[in-house]
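Geometric and topological summary
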Amino acid sequence: MEATQNKSALLDWLLFLVSTAVMIALLLYADEWFWLAMPFSFTYLAKALRVI
């Protein structure tokens, strides 16, 4: 059970980092569209921190 939770947390952190990188790239190149990546970034941050 512990290994599954660690793997899930690692995946959540990875998805948070990827979605944050996408959000920053959108902010740099298409700043009117960066808000589309914000829900993904904040959702995976909350999951990685085990808030939800």
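Residues numbered from 1 in each chain as written. Predicted model: local features only at pLDDT ≥ 70, side-chain atom pairs only at ≥ 80, totals over all residues. Heavy atoms only, no water.

**Details of helix α2 (residues 38-48)**
Taken together, the buried positions of α2 are S41, A46 and A48. The buried residues of α2 occupy an angular sector of 165 degrees when the element is viewed end-on, so they sit on one face. One or two residues past the end of α2 sits R50, with phi positive at roughly 60 degrees. (Buried < 20%, exposed > 50% of the residue type's maximum accessible area, 1.4 Å probe, protein only. Helix = DSSP H or I, 4+ residues; strand = E, 2+ residues; numbered from the N terminus. Arc of directions from axis to C-beta.)

**Section: unusual backbone geometry**
For R50, which is not a glycine, the phi torsion comes out positive at approximately 60 degrees. For R50, the location among the structural elements is in the segment after α2.

**Quick look at the packing of aromatic side chains**
Following the criterion strictly, the structure yields 1 aromatic pair and no others. Arranged with centres 5.9 Å apart and planes meeting at 80 degrees, the rings of W13 and F16 form a pair that is edge-to-face. Here W13 pairs with F16, and both are found in helix α1 (residues 2-29), just 3 residues apart, close to one helical turn. (Phe/Tyr/Trp six-rings, centres within 6.5 Å; stacked < 30°, edge-to-face > 60°.)

**A short note on the environment of S8**
Structurally, S8 is set in helix α1. As for S8 and M23, which are separated by 15 residues in sequence, their C-alpha atoms are 22 Å apart.

**Points about a nonpolar patch on the surface**
A surface patch of nonpolar side chains, about 400 Å² in accessible area, is lined by L11, L14, L15, V18 and V22. As for its position among the elements, L15 is in helix α1. (Patch = residues over 30% accessible without salt bridge, like charges linked within 9 Å, V, L, I, M, F, W, Y side chains within 5 Å. Areas by Shrake-Rupley, 256 points an atom, 1.4 Å probe, with all protein chains shown as cover. Salt bridge = Lys/Arg side-chain N within 4 Å of Asp/Glu carboxyl O.)

**Some thoughts on the side chain of S41**
The topology assignment puts S41 in helix α2. Take S41: its relative accessible area is 2%, and that puts it in the buried class. If we skip the residues at most four places from it in the chain, S41 touches F16, S19, T20 and M23. (Contact = heavy atoms within 4.5 Å.)

Keep in mind that these numbers describe shape and distance, not what the molecule does.
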